[in-house]
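An overview of the molecular structure
Next come the chains, spelled out residue by residue.
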Amino acid sequence: MLIATVVGNRPQFVKAAAVSRKLRETHDELLVHTGQHYDDELSRIFFEELGIPAPDRQLEVHGGTNSDQTARMIAALEPVIADAAPDLVLVYGDTNSTLAGALVAAQRRVPVAHVEAGMRSFDRAMPEELNRVLADHASELWFCSTETAVENLRNEGIHERLYLVGDVMADVALTFLPVAEERSSALATSGVEEGAYVLVTVHRPGNVDVPERLERVVELLERLPLPAVFPVHPRTRARLADAGLLERLDAAAHATLPLGYLDFLELTKHARAVLTDSGGVQKEAYLLGTPCVTLRNTTEWVETVELGWNVLVDLDVDAALAALERPVPSGERPELYGGGHAAERICDVLAAYTGSQ
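All of the points below concern the structure found in this document.

Criteria and cut-off values
Residues numbered from 1 in each chain as written. Predicted model: local features only at pLDDT ≥ 70, side-chain atom pairs only at ≥ 80, totals over all residues. Heavy atoms only, no water. Phe/Tyr/Trp six-rings, centres within 6.5 Å; stacked < 30°, edge-to-face > 60°. Helix = DSSP H or I, 4+ residues; strand = E, 2+ residues; numbered from the N terminus. Buried < 20%, exposed > 50% of the residue type's maximum accessible area, 1.4 Å probe, protein only. Contact = heavy atoms within 4.5 Å. Axes fitted to C-alpha atoms, helices over the stretch in contact; angles between N-to-C directions. Parallel < 35°, antiparallel > 145°, perpendicular 65-115°, else oblique. Pairing = 2+ DSSP bridges.

1. Points about the packing of aromatic side chains
- For the structure on display, the rule yields 4 aromatic pairs.
- With a centroid separation of 6.4 Å and an interplanar angle of 80 degrees, the aromatic rings of tyrosine 286 and tyrosine 337 are classed as edge-to-face. With tyrosine 286 in helix H14 (residues 279–288) and tyrosine 337 in the loop between helix H16 (317–324) and helix H17 (342–355), the pair connects residues that are 51 residues apart, well separated along the chain. Of the two residues examined, tyrosine 286 and tyrosine 337, each falls in the buried class.
- A centroid spacing of 5.3 Å and a plane angle of 85 degrees characterise the contact between tryptophan 301 and tyrosine 337, whose relative ring orientation is edge-to-face. Taken together, the residues span a long stretch of sequence, with tryptophan 301 in the loop between strand E12 (292–294) and helix H15 (302–306) and tyrosine 337 in the loop between H16 and H17 at a distance of 36 residues. Tyrosine 337 matches tryptophan 301 in its accessibility class, with the two residues each being buried.

Now the structure itself:
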């Protein structure tokens, strides 16, 4: 059986690191990289560090608005899927690449399997929310990370072929943490010590595309009681430059280029806390036992909030500073997101499904 896997951004590369290796033990895989993340810091380094198979197709579609980019991805993906004639298309998460892969496959009557299905923030202003909802309703197999995701799909009328498998990013984080501890020198390079800095990531359009909100991010960094390490996404850097905020940022934080997975994992593990607007980083922080302050007012990873490891503050600077002062939750963290076995469960389901076709 031939499975076409569509990836395009950092979290999808991480997920493919867990699934593709195991998938290729029993299936042929065509790995298609849309090009959504095309910088070496956001793309190539992840393939190298995590041992992801090299993409079989590079579409080099990037830039533009969400609608424009998605349209170009659909146009580039359609002949690839038509020529390869896969038995199934596998998509991950909630990006433009996810939606493009799901729509092309569904239009060609190729079954779609969606990894990280059923996640909902219930904020339709987020492009990611639209992508994940539409991808789910074009899919035929749904691999869910949490019970909440399963319930979300049931509430939307999807009741069959729902599989609670856990999250493949947990597989990768738990596998590669010892490697990061051995190989990474990110703390020394950043000039920080364990437990004495805050790790920051900000990239969502709702935060970086509105100058007033972006200035609030910089104000928060200026008021932090600890040093901040901020790997700056290229898009965020461009918006900071447009708003005339780069000089203030450089004075307030140790701003770096985007980091490889091992360095980022090491910095997340040893931070006093993480400030982020990323869904995946919220989850990684929980897995590594690092408190998280989320610069949004909604989250897909509701369990991290319910357990006290994550606080939603939007861009309220005072609320963010107060959240950083809260004590670290005591006791053992409940096991969430599959305990490192999600990829195995996904591949078992795919083997049974494709074998029945």
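2. Here's the deal with the environment of leucine 162
- Among the secondary structure elements, leucine 162 is positioned in strand E7 (residues 162–164).
- Relative accessible area serves as the criterion here: at 17%, leucine 162 is assigned to the buried category.
- Beyond its immediate stretch of four places on either side in the chain, leucine 162 contacts Trp142, Val150, Leu153 and Arg154.

3. Description of the packing of helix H7 (residues 168–183) against helix H13 (residues 261–270)
- Interaxial distance between H7 and H13 falls to 8 Å at its minimum, and their mutual angle equals 90 degrees. Here H7 is positioned roughly perpendicular relative to H13, judged by the angle of their axes. Mapping the contact onto sequence places Met169, Val172, Ala173, Phe176, Leu177, Val179, Ala180, Glu181 and Arg183 in H7 and Tyr261, Leu262, Leu265, Glu266, Lys269 and His270 in H13.

4. Remarks on the sheet that holds strand E8 (residues 198–201)
- Here 6 strands make up an open sheet; going across it, the order is E10-E9-E8-E11-E12-E13 and the pairing parallel. Lying at the two open borders of the sheet, with one neighbouring strand each, are strand E10 (254–256) and strand E13 (310–312). Mean inter-strand twist for the sheet, computed between neighbouring axes without regard to direction, equals 20 degrees.
- By the bridge criterion, 3 bridges tie strand E9 (residues 228–231) to E10 in an arrangement that is parallel. Bridge pairing in E10 links valine 229 to histidine 254.
- Here H13 sits on the sheet in contact with E8, E9 and strand E11 (273–276), set at roughly 130 degrees to E8.

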